Amino acid sequence: AAVEILEELLASDGRVTLVGRTSAARRRLGPDETDGASTLYQHALRLEIQGDFAATLDYLRRLEASKWQLLWDRLEYRVERHPEAIVTIELHTLSEQEEWVGV
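If you're wondering where the values come from, they're calculated on a predicted model, not measured in any experiment. (Residues numbered from 1 in each chain as written. Predicted model: local features only at pLDDT ≥ 70, side-chain atom pairs only at ≥ 80, totals over all residues. Heavy atoms only, no water.)

**Q** With reference to specific residues and values, describe the packing of aromatic side chains.
**A** In total, this model carries one aromatic pair according to the counting rule given. Ring plane angle 80° and centroid distance 5.9 Å describe the contact between F53 and Y77, whose orientation is recorded as edge-to-face. Remark: Y77 occurs in strand β4 (residues 71-81) and F53 occurs in helix α2 (residues 53-65); sequence separation between them is 24 residues. The exposure class assigned to Y77 is partly exposed, which follows from its relative accessible area of 31%. (Phe/Tyr/Trp six-rings, centres within 6.5 Å; stacked < 30°, edge-to-face > 60°. Helix = DSSP H or I, 4+ residues; strand = E, 2+ residues; numbered from the N terminus. Buried < 20%, exposed > 50% of the residue type's maximum accessible area, 1.4 Å probe, protein only.)

**Q** Break down the environment of E96 for me, with residues and values.
**A** Its location among the elements puts E96 in the segment after β5 (84-95). Residue classification places E96 among the exposed positions, given a relative accessible area of 58%. E96 sits 57 residues away from T39 along the chain, and the two C-alpha atoms are 6.1 Å apart.

The following block contains the structure:
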């Protein structure tokens, strides 16, 4: 499941920790948004992680290299106490399935 992969990538490093995770209600995309494709659902996820810049950059690179096709909506990097930062990542996937496995 996508969420488990995201959390596994965090755990495998140890330099970045999960602060929070929320998922939004799925959204059914209309025909105008899918160029006439079959019904698609957008599944959104918000992660908050804590780590320094190098660890955060490594995590983001691992996310990009993962087998999941994650679409990025927003990334916020907020230094709480140098060098540690809280990073908010909002992303989503598109699926023909109404339920997003693992959320």
